[in-house]
Structure formats: C-alpha cells, structure tokens
Amino acid sequence: MSTQIAAITNVKTGVIDEAVYEHPFIVRLCHWVNALALLVMVFSGLQIFRAFPSFGAKIPQKDLLHWPKAYALGGWLGGGLQWHLTFMWIYIGTGLLYLNYEIFSRNYKQVLFMPRDIRGVWPMVHHYFFFGPKPYVREAYNPLQKLAYTSAIVLGILSVLTGLAIWKPVQFSWLAWLMGGFRWARLWHFAVMWAILAFLFGHLVMVVLHGWNNFVSMLTGWKKDPEYL
Amino acid sequence: MNFRTDSRQFKRINRRELLKLSPVLALGAFAIPKLQKPLLKTGLAFSDWASARLFGSGHLARTFDDSELTPFARFPINGYDVDDPGVDFDNWTLTVSGAVQKPGDYTLAQIQTLPKFRQNTRHVCIEGWDVIGRFGGARLADFLQMIGADPAARFITVQCADDYYESLDMATARHPQSLLCYEMYDQPLTREHGAPLRLNIPTKIGYKQAKYLTDLKVSHVLEKAGYWEDQGYSEFYGL
C-alpha cells in the first residue's frame, strides 16, 4: 500500500502545503451510496416495524414502542417493504463492492482494527472523553477510529444476515436458528439497526469536530494538512 | 508516491475527483414522484426474482412438536373483509378450471379421498408476528394430479368466498408441505379460519394462505397475482 502524497505550492504566497490521498474512489462511492441506502433502510425498516411493534406474541400483543408515522418511509407497510426490498440490494451491493475492494487493494490495512491496535484505544478514549493528552498519530486512522469503523463494517454484515433470516426464515432456517429463532432474529435485526445509528451519531459528531478538510477528503479523496505527516 | 503541484492544479484535481462521484446523484431518481413508483416496482420484482431462485423445491419448512403449538384460541383470525363470508357447506364445491384435463366442481369428500397429511408449521405474517399452528389436509401436488394439471403450467390462482384472491407459483404449489387444508388442530376448519377449505403453504408468507376457497385455476400466465399484491405487496413472498 503506497499512499499518494502531494506537495502543493500556493501560487500566490509560495507557501507549500501537503495533502494525502486518503480515500480511493471506490471507497468514496461506496461510502455515499451506502450512506443514502442506510437511511432508506432505517426509515423504511421503522415503517415495517410499525405494523407490529413487538417482539413477542400476537395474542396478547405487548407493544415495545410506538414509532411516529411521520418518521417512517413508504406511507404504509406495503410501501415501506417496497423501499426496504429495493434498497437492500443497493445496501448489499455497495457493501460487497467495498469489502472486495478493501481486500484486493489491501486498503483494509488502513481501516481494520488489529490486536496491535488494542493498546492504543484507551489513550484515545482518555483524550476524547476525559480531556487527556492527544496521543501521537502516525497513520490516517487512530486505534479508536479503526475500532469504530471495523465495528460498523461488522454491524453492516450483521444487519444483512439478520435481515436475511427474517426475510427467508425457511430457506435460511439455519441462520434463523443461529440467532435463536425467528423472533430473536427480528429482535437482533432491530438491535443492530440501533447499534448502527449509535455509530452514525458518533461518526457525525467526529466529522463536525474534525473540520472541513477532513470532510472534504471523503468527497475528493485528498486530505489537506493531515496531522500525521 | 509523492508529487509536486501548485494550488491551482490541486483545485482541478479535487474538482475532477468530486465529479467522479456524480453517479451518486442517480439515486435522486427515487425522489422524483413520477419515477419513484416504477423504480420501487422494479426493485420489488427483482426481489421476487431472487426469491424464486432461492426457493428450494425439496427444502422443507421446519416442523414443531405439539408442545410448541400456539394455542388455537391465540391463532389470529385475519380476514381482510369479513371473518365469516357465510359459505353454504351443503352445496360447497371447489370449481377447477384452466390448464387441466378434468375441470369441474370437486366436493370436499372427493378432496378428502386424497392422502391426508398433518403438520405443525410456522405461519408468518407480513406484519412481523408469527404463530405455530397444526394443519391437516391433502397435498396440493396430489390434487393437481387428480385434476390432471398441465405439467407445463406455471401458476395456480384461487378465488375465495369473500372475494379475496391469491396465486402461487407452480414450484411452491408442488412443494410437499403445500396443503389444501381442511383441518386445524385436528378439527374441521372453523368458519373464521376458512372453512371448508383453505391453503396452508408453510414456505409462503401469511397473506398467501387464502381461506374459504371456491375456485382454483391452473394457468400458464399470471393474470391476477392476489388482493394484497394488487395493493403493492410482493407477488412471490416465499419464506
């Protein structure tokens, strides 16, 4: 894996800036398409959930929560399912394209949380949440970041597997069985969604905190003045 | 790899990289009211196509012990219109038509001459709930043989006493667990559960389990997919 680094001479001032090509095109494409697909999956999924907002018996029915119709996509159960069963292909497609790209381009080394990253997690948590000193950063992602992104990828895979188990509980009966049965698979699918939303919340907070150059890097690939150069 | 450039050139590089992302905007087609419906219909049709490919004609739905059955009183009654369409049992027949050698009216007694199968299987509603019920009846595959259904036919459609209508692909209809069901919990079907004859298809979603059958047609093309399908549900919805 060789990272592209550019030395940029400012034509007016003559000052030299540096930039790193952090995100290859396929990664950026998959990121944005998958992000949109994820939003559709969440809000159409909540529409489907509204039809039976419980994880127990039908009779007697004990509802877990009433999700407002205004925050659900599709208008009704049938509409929600149409969105869900359409965008799941886009969600899975970009997911598979991304995973294949990461593996074959060896770009996964930038993202994948490895055992050697474990000891770097606490210093980052200490820095972010307890105002500890900022650890020295040597690469594009710090250990906590790698942990977050790797978790998000695992959650993405789990969202597909749990979804498959409740969409096809007969053909993929072994999947439903692994998850503790049809009802548990439904509950896992729901729980995985909230876990992904928790990641998304943290992700967006970090994007805001890390400023414009960092955000632009997911659009153009290039990050100006990265702190680790 | 390192290279040198200037700020003007770098801006151009960034603009080009940003433009490469423009295919993402294609998803905006889903926000255009005129395109939204056909796009979602295509997506649903693709899911149905994939579902048909995932269907294993020899793959059996899991069966359960009697101890796992949902009590009969807690098996939901889901009529789309009325719970009891007032079927006249004395004069009831199943009217068979279409691509069959022996069309005509079949009585319940005729259907009951076929071997009877009982199974404890899961009934899954599209809403998300599920129950485990005990069903008894004749295999649809045996009935298709009885009426001399064209082996090349691809669909079965049924009409119901409450104007409900449904369809099945032939692979599912010939599945060993697909029943013309006349018993639940070892008792003759009650009116609310679709007496005298209903479908029990453990490899399909709940709305395919049509009740109070009156007509059965074997066909090469799908003329009417079903009541809920016409409202926007999946045509195939195999489990």
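Residues numbered from 1 in each chain as written. Chains lettered and ligands numbered in written order. Predicted model: local features only at pLDDT ≥ 70, side-chain atom pairs only at ≥ 80, totals over all residues.

(A) Representation of the sheet that holds strand β2 (residues 16-21) of chain A in the model. In spatial order, the strands read β3(A)-β2(A)-β1(A)-β1(B); together these 4 strands make up an open sheet with mixed pairing. If you trace the sheet from one side to the other, it starts and ends with β3 (222-224) of chain A together with β1 (2-6) of chain B, each paired once. Across the sheet, the mean angle from the axis of one strand to that of its neighbour is 30°, orientation sign disregarded. Note: strand β1 (residues 5-9) of chain A against β1(B), 5 bridges, orientation parallel. The partner of Thr9(A) across the bridge, within β1(B), is Asp6(B). Across the sheet, helix α1 (residues 7-19) of chain B touches β1, β2 and β3 of chain A together with β1 of chain B, and the angle it forms with β1(B) is around 110°. (Pairing = 2+ DSSP bridges. Helix = DSSP H or I, 4+ residues; strand = E, 2+ residues; numbered from the N terminus. Axes fitted to C-alpha atoms, helices over the stretch in contact; angles between N-to-C directions. Contact = placed C-beta atoms within 7 Å.)

(B) Here's a closer look at helix α2 (residues 33-54) of chain B. Over its 22 residues, α2(B) extends 32 Å from the first C-alpha to the last, a length consistent with the 32 Å expected when each residue adds 1.5 Å. Along α2(B), the residues that are buried comprise Leu40(B), Gly43(B), Leu44(B), Ser47(B) and Ser51(B). In an axial view of α2(B), the angular spread of the buried residues amounts to 95°, which keeps them on one side of the axis. Exposed and facing more than 90 degrees away from the buried side of α2(B) are Lys34(B), Leu35(B), Pro38(B), Thr42(B), Trp49(B) and Arg53(B). Summarising the contacts, the buried residues of α2(B) are in contact with α2 (77-105) of chain A. (Expected span 1.5 Å × (residues − 1). Buried ≥ 20, exposed ≤ 12 C-beta atoms within 10 Å, placed from the backbone. Arc of directions from axis to C-beta.)

(C) Structural context of the nonpolar core. Core analysis: the largest hydrophobic core is formed by 35 residues, its most contacted members being Ile156(B), Val158(B), Cys160(B), Leu180(B) and Leu213(B). Only β2 (94-98), β5 (130-139), α4 (140-146), β6 (155-160), β7 (165-169), α5 (170-173), β8 (179-184) and β11 (213-219) of chain B provide two or more residues apiece to this core. A total of 5 residues in this core trace back to one element, the largest contributor, which is β8(B). For Leu180(B), the residues in contact, after removing those within four places along its chain, are Ile111(B), Gly137(B), Ala138(B), Leu140(B), Phe143(B) and Leu197(B). Grouped together as the second largest cluster of nonpolar side chains are 34 residues, Val42(A), Trp83(A), Phe87(A) and Leu44(B) included. (Core = buried A, V, L, I, M, F, W, Y, C linked by C-beta atoms within 7 Å.)

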